[in-house]
Amino acid sequence: MIAHMRRYALFIITSVFLFLACTGSERKTTSVVRINISSEPDSLDPWQSAAADTASIFDNVFEGLLKASPDGKLIPCIAKNYSISEDKLTYSFNLNKNIVFHNGQKLTSKDVLFTYNRLTGLDGKKAVSNKFGSVKSISAPDEYSFVVTLSKPDASFVALNTSAILPEGYDNQAEKPIGTGPYKFESYTPGQKVVFAKNAEYYDTSKSGKIERVEVYIMKNSAAVVSALKSNQLDIAYFINGEDGKLLEKDFNVTSSAQNMVQLFGLNNSYKPLSDLRVRKAINFAVNKKDIIDGVWAGFATELYTNFSPVFKEFYNDGLSGLYEFNVEKAKALMKESGYENGFELTITVPSNYEPHVRTAEILSSQLEKINIHAKLELVEWATWLDQVYTKADYQSTVIAFNGKLEPNDILVRYVSTNKRDFIKFTNAEYDALIKAAITETNLQKRIAMYKDCQKIMTENAASVFICDPNLIVASKKNLHGYTFYPVTFIDFSTWYYE
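Here is what the cut-offs are and how they apply
Residues numbered from 1 in each chain as written. Predicted model: local features only at pLDDT ≥ 70, side-chain atom pairs only at ≥ 80, totals over all residues. Heavy atoms only, no water. Salt bridge = Lys/Arg side-chain N within 4 Å of Asp/Glu carboxyl O. Helix = DSSP H or I, 4+ residues; strand = E, 2+ residues; numbered from the N terminus. Buried < 20%, exposed > 50% of the residue type's maximum accessible area, 1.4 Å probe, protein only. Polar contact = N/O pair within 3.5 Å; in protein donor to acceptor, adjacent residues only side chain to side chain. Contact = heavy atoms within 4.5 Å. Pairing = 2+ DSSP bridges. Axes fitted to C-alpha atoms, helices over the stretch in contact; angles between N-to-C directions. Parallel < 35°, antiparallel > 145°, perpendicular 65-115°, else oblique. Left-handed = near helix turned anticlockwise from the far one by under 90°. Nonpolar A, V, L, I, M, F, W, Y, C, P; charged D, E, K, R; others polar. Phe/Tyr/Trp six-rings, centres within 6.5 Å; stacked < 30°, edge-to-face > 60°.

Q: When you look at the pattern of salt bridges in this model, what are you seeing that I'm missing?
A: A side chain of one charge can pair with a side chain of the opposite charge if their charged atoms are brought near each other. In this structure the tally under the stated criterion is 13 salt bridges. For Lys392, the salt bridge goes to Asp387, with nearest N and O atoms at 3.2 Å. One salt bridge connects Lys456 with Glu460, and the closest N-O pair in it is separated by 4.0 Å. Placement of the pair is Lys456 and Glu460 together in helix H14 (residues 444–460), with a separation of four residues, close to one helical turn.

Q: I tried to follow the side chain of Gln173 on my own but got confused; where do I start?
A: Secondary-structure assignment places Gln173 in the loop between helix H4 (157–160) and strand E8 (183–189). A residue is classified by how much of its surface remains accessible, and Gln173, at 4% relative accessible area, is buried. A polar contact is formed between the side chain of Gln173 and the backbone nitrogen of Ile178, at a distance of 2.8 Å. Discounting chain neighbours no more than four positions away, the residues touching Gln173 are Leu44, Asp45, Phe62, Leu166, Pro167 and Ile178.

Q: I'm lost on the sheet that holds strand E6 (residues 135–139) in this one. Help?
A: Either a parallel or an antiparallel arrangement is found when strands of a sheet pair, and the pairing is made through backbone hydrogen bonds. With antiparallel pairing, four strands are arranged side by side in an open sheet as E4-E5-E7-E6. Looking at strand neighbours, the two that pair on one side only are strand E4 (79–84) and E6, the edges of this open sheet. Going across the sheet, the axis of each strand differs from the next one's by a mean of 15 degrees, ignoring polarity. Pairing analysis gives five bridges linking E4 to strand E5 (residues 90–95), with the strands arranged antiparallel. Counterpart to Ile84 in the pairing with E5 is Tyr91. Here helix H3 (residues 109–120) sits on the sheet and contacts E5, E6 and strand E7 (145–150); the angle it forms with E6, its principal contact strand, is near 160 degrees.

Q: Teacher, can you tell me more about the packing of helix H8 (residues 289–297) against helix H10 (residues 355–368) here?
A: Describing two packed helices takes the angle between their axes plus the distance from one axis to the other. At a closest axis distance of 10 Å, the pairing of H8 and H10 adopts a crossing angle of 140 degrees. What the angle tells us is that H8 and H10 run oblique. Crossing of H8 against H10: the hand is right-handed. When H8 is examined against H10, the residues Asp291, Ile292, Gly295, Val296 and Trp297 are found in contact with a partner set consisting of Pro356, Arg359, Thr360, Ile363, Leu364 and Gln367.

Q: Is there a simple way to explain the packing of helix H7 (residues 277–286) against helix H9 (residues 328–338) in this structure?
A: Running from N to C, H7 and H9 cross one another at 165 degrees; their axes reach a closest spacing of 8 Å. The pairing of H7 with H9 is recorded here as roughly antiparallel in orientation. Considering the relative orientation of H7 and H9, their crossing is left-handed. Contacts between H7 and H9 involve Arg278, Val279, Lys281, Ala282, Phe285 and Ala286 from the former and Val328, Lys330, Ala331, Leu334, Met335, Glu337 and Ser338 from the latter. Of the residues assigned to the contact of H7 with H9, the class counts are eight nonpolar, one polar and four charged.

Q: Looking at this structure, I do not really get the pairing of E7. What am I missing?
A: A regular strand places its side chains so that they alternate between the two faces of the sheet. Most of E7 sits out of view: five of its six residues are buried. Pairing geometry for E5 and E7, over five bridges, is antiparallel. Looking across to E7, one finds that Ser92 is bridged to Val147. In this sheet, E7 lies alongside E6 in antiparallel orientation, the contact comprising four bridges. Bridging from a neighbouring strand, Ser137 pairs with Thr149 of E7.

Q: Even after reading the chapter, I still don't get the packing of aromatic side chains, so can you show me in this structure?
A: According to the stated counting rule, one finds 31 aromatic pairs in the structure shown. With 4.8 Å between their ring centres and 65 degrees between their planes, Tyr91 and Phe157 make a pair best called edge-to-face. Of this pair, Tyr91 sits in strand E5 while Phe157 sits in helix H4, and the two are 66 residues apart along the sequence. The same class applies to Tyr91 and to Phe157, which are both buried. An angle of 65 degrees between the planes, with centres 5.3 Å apart, marks the rings of Phe312 and Phe315 as edge-to-face.

Here you go:
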C-alpha cells in the first residue's frame, strides 16, 4: 500500500511538471509570474464564493468601495472618500470618476446601487449576504454619489464595504468574472490553472501592475510545489512549510509574516472537568508553545496569549503576554487544587487533512501527560469536524486555526454565549455585554478598549489555549521582488516586479 501511494504521488508530481513544462515555453522571463495555490476556485462569482484561496487571487479582479491596506486599515478604493453623519446612521460615499469595468462599461453609482440592492436584499430578492441587516435604505443622489442609511449605529458596517462592486446588467460572473481591479480574469482550466492579465486601463496608475500575466497553478502536493520552484516551473512558491523555507533560503528569496491567524487548543468549557477554571488554567501553564512553534512550524510562528494576533495591532491586547508562562509545577498545583491531581482522560478531535494541527495535537498529548491528563487523538474528516465540533460542540478538545478578519467583532462574536458557533461553549456575562455595546460604539478608542477587555476576559478565564499565529512563508526567485503581506488572505499581484 505504501509503495502504491509513493508511485501515485510520483505520478502526480510528474504530471504537474509536464503540464508546467508545456506552458513554460510560452512565457517571457520578466512579463509572467507563476505561483501556486492549493485548492480549486469554489466559484468564479464573488457573491457565490466563500473559499479563502479563491478570494486570495480574485481580489485582484474585484474591488469594493474600500479595501484593506497591508497594515490592516480600511482605505479608499472605488470610493475616493466617505463621510459619516453625526448620528452615525448615514454613510455618504463619493466615487472615483474614471473607473471602467473589464468589459468596457463605465462604473457609476448605478452599479453600486445595483450591488448593494443585491447584497442587502432591498430589491426584494434574497440577500446575497446576511451581514447587511442594519442597512435601512440606499440611494444614488447623482452619478458619482452613493448613500447608505442604517437603522441603528453599527460600527462593523465600514468593513462590509470591501464587498465586490459588480456591473449592473452583467450576469455571467460564474463563467467570465468582470470587475474593476488591476488584473483581469483570462481563463480557468479546472484542475490545472487560473490565468490573469494586467488591466492596462486601470484607473489608479500609481497602483497599476508591473507584471503582464499571472498564472496560478493548482497544486495540492507541497513536495511538488518546492520541486517546481527549484526546476524553474514556478516563480513563487506560496504557503510553504518552515522546513522547506529554511532549505530554500540559500537560492531563493524567502520571506514570511504572521498572517492574522490564531491556532488554538480549543477546550469545550461545558465538558467536565474542563468546566473547572483551575483545570483550564493548569492546561494553559502545561503547554509549552515554543515546542509547538519549533516542532510544527520550524520556528516560523508568533507566540500568542489572546485570541487576536499582534498583526491586528490596533486592537491587540499586548498586556497579557506573561499570564501563562510555561510552568509545569504551577499546573500540577492547580490540578491538585481542583481535585484532579490523578488526572483524567481527554480526547483531542483534529481534522485529519490539516497535518500541522495533527502534529500540534501530538505534542500537546505529550505535554499534558506531565500533569496526568491522558490525551488521545481522534482524527476526523473536515466535514465531520465542521459538523461534530464547530456546529454541534460534541467533543472534548480540538486543535484548529481561524483566519483573522478586518473587523474585530467578526473574531470576538464567535465566543458570545448566545452564538450558535460558540463551539468552545464559553459563557461570560461581562464579555457578552461588552460585545453588544462595542458594536454600536462609534468612538474608535472606546471600542478598542472594549475589545481589549474582551481579550482579557477570555485569557483570564482560560477559555482555551491560544498557541500561535503561523507565519505565511513565501519563496520566490532572486530577481522577483515586491511580495506584500496582508492581514487578510490576499495575494497582491500588483506589487510584484522583476529586477
